[in-house]
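# Reading the structure
As a plain string of letters, each chain reads:
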Amino acid sequence: MRAAAAGLVLALTAAPARADILALKDGRFVEGVKIDRGEGGYKLLYKNGEVFVPETLVKDCLIEGEKGFEPRNDEERARVDKGLVPFEGKWVAKSARDAAIAKRQAERKKRIEEAKAHREWRNRYTAESANFKFEYTLDPEIQEDLRDLMETYFKVFTQKWGIARPKEKLKVCFYHDYDSFLQVSGAGHGVLAYYRFVQPIELDFFYERLDPGYTAAVMFHEANHYLTHLINFEFHYPHNVNEAMAEYYGASQWDPRKKEMSVGQVQEGRLTEVLTDIQGGETKKLEDYLSNRLGYDDYTWGWSFVHFMMETPKYSKRFQSFFLALGRDKDVKRVDDGRGTTVEGDEIVRVFKKHLGVTDLAPLEKEWHEYIKTKLKVETQRGYERAAIAAQRTGQSIRARRFFKLAIEKGSTNPQVYRAYARNLLYDDKPAEAIELLRKGITLDPLAAGLYATLAVALRGQGGTERLAEAKRLKELAREIDPENLDFEEIVIEMTEAAGSKPTSRPKDKG
Amino acid sequence: MFQDLAVVVAALAAAFPPAQAGAGLHKDEELGFQMEVPKDWRAVPLAASEKWVVAKYISNRELQSKKEWWSGHTPEMRVILFPTEVTKERGPKVTKVKDGPTLVKFRSPFSDYKSYLKQNAEGGYYVAKEEPTTVNNIEATCLEIRFEKLTVPRHAVAWVFKGEDAEWAVHFEALEDYWEKLAPDFTRCLRTFKFIPRKGSVTARAGDNDLDFDSIFEVGKTSIAERATKRAALFERELQTAVDRLPAGWIRKKSPHFYAFSHSDERHTARVLEQAEALVAWLTQNFSWVGDGLPGPAILRICKGWEEFRAFHDTSNDAMFVRSFEVVAYKDTEGYGFGSWGVNGAVANLWFADKNPRLRWGMPPWLNTGISAIFGGSSAKGGKVEFKLDEWEREALRQIRQKGKLVTARQLLGADYDELRKFENSWLQCGLFLRYLWTGPKSASTKDLFKKYVQAYLAVVEEEEKAEEAAGKKENKPKTEEEEEARFKARRQETKRQADKVFQRIFGSWSEADWAAFERGYADFAD
C-alpha cells in the first residue's frame, strides 16, 4: 500500500564531523549534541548538563564513533587480547563485529536521514487506500494507523447515513507537526485542520505528538465535513449544524488493535467550555443556535445540542432526518452561497420544527440545558486536562488545581499539563510541590525544555546559593534544548524581576 | 508646531536622496549594494516602521490568474537585510527604567530568510529546491519556493547573499501561470547583485528601537502638554523616516493638518487632502467636547493605485501600523469605490486617539461599529463632509425593515460584541442608529442625547478604572472555589455591567412611554 513518491530525490545534508542523532518515537529528532549510551537509555551531553532519555521513548539512535568494548575482568581481558569481542551473546573476531556494526550504523544513518529528509514537503511520502490519497511527512507506521482509521470512519459513516461512494478519492495531507502544517497548508495560526470544499478538494491536518488521541479527534472532526459534503456535493451545510455534527463525530474513539471506532462520546474539551459559560452566568438560546447566529459557540453549545439529539432515542431518528433533509429534500429553500447552495437561519428553524414535530422551541431548549447539566460529564484524563486549563485561563486557580490533580491521577503525561500545574502551585506559594511535580514531568519527557525553564524559576524563588546556581544552569539548559523558543514566559518573568529586584533570599530549607 | 515641522521636513528632504528610484539599477550607497531591477518596474515606499525590507519594487502591471477568477497579483521584488549583529540577538531583552517600569522587548523575530518567510508568507508554501551558487564572488543560496495551498498559486525565487556582516535575501515572486516567462529575467537581475562601498551601517534599521507610541495614549498618567510634546517628537521621527524612504517620482504637499506624500496625480491628491481636512474640521466642530487632548498632524500617503497601496502595506510582520500617525490612501482606478473608506476611518481614529484615547480604544460596541460605518462612507464636497448612504446600504436597510429585523435602540445600546454579531447587518444598523442620535430626536428628553450618553459613558469608564486600580491594590487571593467563581462571573459580565451602568445613568428616569416614543421616532427615521 505504501509507496515512495516516484522519482524522489532525497536531499541529504552533509553530516558534520560527529553527527549523533536521536530519533524519538513521537517524531522528534535531536541532533547537534553529543550522545552516549547509558543504562536503559541515552545520555545527551548538553553544555549545561546531562539529559537522560529512556530507551522507551527512543525509536532510533546514531552515535558516531562509539567506544568499543571495555573488559571488566581478567577472563574478558584475555579474550580481548586474542582479538575477540562479545557481540550479541557470542565472542567473535573484532573485525567481524566491527564490520557488522559499521553496516548497521550505515543502515541506521540512512534510515534516520531519510526520515529527516521526508519531513520536507518536497520529499513527502505518498500512498493510496480504497477511498483516500495520502501525502504526508511523518513516519509511515503512524500514517498506516491513520489510514485504517479513516477507512473505517468512511465505512461507518457512509453506511449509517446512506451515502454513495464518490468517483474520486479524497486527497489527505498529513503533516508531522503544527509548524509544518501552518507553513505548507497555509492555515492561519489557531487553525488545527481544514477541509477544502472547493476543487481541488483536500483535507489537511497534523500529528500532535503530545496527544496522539487529539490528532484522531481533529481528523474525525475535519473528515466529517467531507463525509457530510458527500450527501450533496452542490450543497454546503450551514456553520451551525456543520460544525456541531463534526464535533459530535470528533469525539469518536478508535481502537487500533480491533480496528473499530465507536461514536457518541463526550467532547470533554467542548463540554468544559459550555460549563465555563454556565458558570459565568451564560446560556445559549436554541432559537439562536438553529438560526445560525452563534458563531464560535456552534463548536461548543452546538455540539452539546447535536449530542443531545443524536443520543436521545426519541429524537435521534428525527434529527437525522432533519440533517439529511437540509441537503436533499426538495421542499427546503436553498440559497446561492457563491460556490453552491446553503440554507439560511429561518429556513433551518422551519425544517427543524417540521422534522422534530415541534411548534415551540422553548420546551426543547429547557430539556437540552437540563441534558447538559445532568447527562454530560467530564471524567477522563484529557477532559480533566482541558477543564484545568480552562479554569486557569479564567483566573480560577483553586478549581484548576483540583482538575490538574485529577488529570495526573488519571495518567496524564503531557509536559504542558505538568508545567501549567507547576505554575499554578508556584502562584499558590507551594514551590516544593511544584519542584517535585516538574522533576516527575522531566522523567516523562526529558526533552521538554519548558519544564526546565519553570523548574529554574521555582528554584530561584526558593533562594539559596546552590539553588540559584542550579536555576541558572537549568535556564540555560532549557534554551540549549530548544534554542528556537527563547521567550519562555518564566525566563521573561525572571529577567523582569531580576531587572527590578534581587532574587528572593528565603532560608534555604524553606519548601 | 506645524510650521516648525515643515522646515525640518524640507531640510531632511534635501539631505537624503532616495535609494529607491525608478526601475533599472537599484543602487544603495548607504547600505552598500546594487542590482538591476526588471525594466519598467516601480519602487514602492517603505513604511517608517519597516526594519527588514530595504528595497521593494513591483511590476508596472497586475497579472490575472488563468485558472482562478478574480485572482490578480503584481510581480514583485524585495530585498531583505539580515544583519548578523541583529539576528544573533534573539529572545527577550529586559530594561529597568530608573524609577519607572521594567520594559520587556523581544529582539529579532527572524534568524534568517527562512524564518522571515515563515512569518511573512501569504498562503501555504514549501521550499521546492535549495542549492548553492556564487554571484560576483559572493556566496549565495538559491531557494525556489512554491505557494500552492489556500492561495492563488505563485512561485518565488530567493537568492540569499552572504556578506561579511549580513545576509541579503533578494526575493522575486509572481503567479505560477507566468513563471516560466518571467523567471529568466528575475535570474538575470539576481546575477547582477554586488556589494559597493558602504557609507552607512547595516544595523541602522533592524537595530532600531520601536517608537514608544503607547505612552502618548496613557490618559490620566501624564499631562496633556506632556503627551502633546511626546507626540510631536514621535511624529517628527516618523516624518523624517517617511521622507528618507520616499522613492523618486512622489510629490509632497502640505495642508493645515497633513503632510501628503503622493504618487497619484495633482487633482486626486488635492481631493484626498480636501476630504481629510474636511473630516478633521467636522470632527473639531462637532466632537471637541469628547476630550481635552490636542490632535496633532499626520502623514497622508496617497498611492498610485490598489497594487501600490497593497505593496506598501505588505510590510514585515513586526512593523507597527496600529498606532502610527500615517493615513494611507490610493487612487481607485478600478471603480470599486473603496478608495476613501480607509482614509476616513484612519483620520477619525487618529483624531479620537489624540483627543481622548480612552474613548478611541474603549468605545461601546454599537458606537465603535456605528462610527466605522458612518465615517467609512463619508465624502467631502466644497470642503464640507457629507454622510450619505450609498445604494447598496439603502437596499440592505430596506430589506432589514421589510424582514422585520430592525433591532430596537434599547437592544443596540445594551449589546456587547457577541450580541451585535447576531443582528442582521449590525454594522449598518449601528450606523443608522448613530445618524438618528445625531440628527433625529428633538424632544426635551432627547435633546443632546448623544453628547450626554458619551459623557456619561466616559465618566463610568473613568470611575471603573479608578475602582479597579483601588481594588487591585487591596485585593486578596480568593480562598475557595466559590469565591473564585463569583469573581469570574463578575468579570464575565463586566461589559454588560458597564453598559447597564451607563444605561441607568442616562435612561434611568425614562418611563416606558418615553421609550416607546423614542423607539417610534427611531423606526420612523429608519423608514
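Residues numbered from 1 in each chain as written. Chains lettered and ligands numbered in written order. Predicted model: local features only at pLDDT ≥ 70, side-chain atom pairs only at ≥ 80, totals over all residues.

### Focus on the overall build of chain A
- Along the backbone of chain A there are 19 helices and 18 strands.
- Dimensions of chain A, computed from the C-alpha atoms along their principal axes, are close to 90 × 65 × 40 Å.
- Put simply, chain A has 511 residues, and 38% of those count as buried.
- Counting only contacts in chain A whose residues sit at least 6 apart along the sequence, the fraction spanning at least 24 positions is 62%. (Helix = DSSP H or I, 4+ residues; strand = E, 2+ residues; numbered from the N terminus. Buried ≥ 20, exposed ≤ 12 C-beta atoms within 10 Å, placed from the backbone. Contact = placed C-beta atoms within 7 Å.)

### A closer look at the environment of Arg310 of chain B
Residues and elements named next belong to chain B.
- One can find Arg310 in helix H7 (residues 306–313).
- Here Arg310 falls in the partly exposed class, since 17 other C-beta atoms lie within 10 Å of it.
- Arg310 sits 174 residues away from Asn136 along the chain, and the two C-alpha atoms are 33 Å apart.

### Observations regarding the sheet that holds strand E7 (residues 76–83) of chain B
- Spatially, E3-E4-E7-E13-E12-E11-E10 (chain B) is the arrangement adopted by the seven strands of the open sheet, whose pairing is antiparallel. At either margin of the open sheet sits one strand with a lone partner, and together these are strand E3 (42–43) and strand E10 (124–135) of chain B.
- Both strand E11 (residues 138–149) of chain B and strand E12 (residues 154–162) of chain B contribute to a ladder of eight bridges, which runs antiparallel. Each bridged residue has a counterpart across the sheet, and for Glu144 of chain B the counterpart in E12 of chain B is Val157 of chain B.
- Strand contacts of helix H4 (residues 178–185) of chain A: E10 and E11 of chain B, with the helix running at about 85° to E10 of chain B, the strand carrying the most contacts.
- The strands touched by helix H3 (residues 113–120) of chain B are E7, E12 and strand E13 (166–175) of chain B; relative to E7 of chain B, the strand with the most contacts, the crossing angle is about 125°. (Pairing = 2+ DSSP bridges. Axes fitted to C-alpha atoms, helices over the stretch in contact; angles between N-to-C directions.)

### Describing helix H5 (residues 224–244) of chain B
- For H5 of chain B, which comprises 21 residues, the first-to-last C-alpha distance of 30 Å matches the rise-based estimate of 30 Å (1.5 Å per residue) to within 8%.
- Within H5 of chain B, the full set of buried residues consists of Arg227, Arg231, Phe235, Glu238, Leu239, Thr241, Ala242 and Val243 of chain B. (Expected span 1.5 Å × (residues − 1).)

### Describing the pairing of strand E15 (residues 251–254) of chain B
- Pairing of E15 of chain B with strand E16 (residues 258–262) of chain B involves four bridges; the strand directions are antiparallel. Bridge pairing in E16 of chain B links Lys254 of chain B to Tyr259 of chain B.

### A word on the sheet that holds strand E2 (residues 33–36) of chain B
All names here are of chain B.
- Taken together, the three strands give an open sheet; going across it, the order is E1-E2-E14, and neighbouring strands pair in antiparallel fashion. Among the strands making up the open sheet, the edge pair consists of strand E1 (25–28) and strand E14 (194–195).
- Bridging between E2 and E14 involves two bridges; their strand directions are antiparallel. Opposite Gln34, over in E14, you have Lys194 as the bridge partner.

### What to know about the nonpolar core
- In terms of nonpolar packing, the biggest core is built from 177 residues, with Leu81, Leu300 and Val327 of chain B touching the most fellow members.
- Tallying contributions element by element places helix H8 (residues 341–355) of chain B first for this core, with eight residues.
- Sequence-distant contacts of Leu300 of chain B, defined by excluding residues within four places in its chain, comprise Phe258, Tyr259, Ala260, Val272, Leu273, Ala276, Val327 and Ala329 of chain B.
- One finds Tyr384, Tyr418, Ile435 and Tyr452 of chain A within the second-largest nonpolar core, a separate group that totals 36 residues. (Core = buried A, V, L, I, M, F, W, Y, C linked by C-beta atoms within 7 Å.)

### Concerning the pairing of strand E4 (residues 53–58) of chain B
Residues and elements named next belong to chain B.
- Judged by how many residues are buried, E4 sits mostly within the fold: six of six residues are covered.
- Sheet topology note: the E3/E4 ladder contains two bridges and is antiparallel. Each residue of the ladder has a partner; that of Arg42, found in E4, is Ile58.

### Remarks on the confidence of the model for chain B
Residues and elements named next belong to chain B.
- The predicted model of chain B has a mean per-residue pLDDT of 86, with 87% of residues at 70 or higher.
- Residue range residues 1–18 is modelled with pLDDT below 50. Its contacts to residues more than four positions away, or to other chains, number 19 contacts.
- The ipTM, which scores confidence in the relative placement of chains, is 0.84 for this predicted complex, and the corresponding pTM is 0.85. (pLDDT = per-residue confidence, 0-100.)

### Comments concerning the environment of Leu57 of chain A
Residue and element names in this part refer to chain A.
- You can see Leu57 is positioned in the loop between strand E6 (49–54) and strand E7 (58–62).
- For Leu57, a count of 17 C-beta atoms within 10 Å translates into the label partly exposed.
- Placed 389 residues apart in sequence, Leu57 and Pro446 show a C-alpha to C-alpha distance of 9.6 Å.
- Sequence-distant contacts of Leu57, defined by excluding residues within four places in its chain, comprise Leu24 and Lys25.

### Looking at unusual backbone geometry
- Between Gln199 of chain A and the following residue, Pro200 of chain A, the backbone shows a cis peptide bond with an omega angle of -10°.
- Counting through the fold element by element, Pro200 of chain A comes out in the loop between strand E13 (193–196) and strand E14 (202–206).
- Look at Leu150 of chain B: it is not a glycine, yet its phi comes out positive at around 50°.
- Position of Leu150 of chain B among the secondary structure elements: in the loop between E11 and E12.
- Note on Leu150 of chain B: 16 C-beta atoms within 10 Å, which makes it partly exposed.
- Positive phi, normally seen in glycine, also occurs at Asn425 of chain B, with a value near 45°.
- Of note, Asn425 of chain B is situated in the loop between helix H13 (417–422) and helix H14 (426–439).
- Accessibility expressed as a C-beta count within 10 Å gives 17 for Asn425 of chain B, which makes it partly exposed.

### Things to note about helix H5 (residues 212–229) of chain A
- Taking 1.5 Å of rise per residue, 18 residues should cover 26 Å, and H5 of chain A covers 26 Å from first to last C-alpha, within 8% of that figure.
- Burial runs high along H5 of chain A: 14 of the 18 residues are buried.

### Concerning the packing of helix H6 (residues 239–250) of chain A against helix H9 (residues 297–311) of chain A
All names here are of chain A.
- It is the contact of H6 with H9, at a shortest axis distance of 8 Å, that shows an interaxial angle of 70°. One finds that H6 runs roughly perpendicular with respect to H9. Listed contacts from H9 to His239, Asn240, Glu243, Ala244, Met245, Glu247 and Tyr248 of H6 are Asp298, Tyr299, Gly302, Trp303, Phe305, Val306, His307 and Met310.
- Residue composition of the contact of H6 with H9, by class: eight nonpolar, four polar and three charged. (Parallel < 35°, antiparallel > 145°, perpendicular 65-115°, else oblique. Nonpolar A, V, L, I, M, F, W, Y, C, P; charged D, E, K, R; others polar.)

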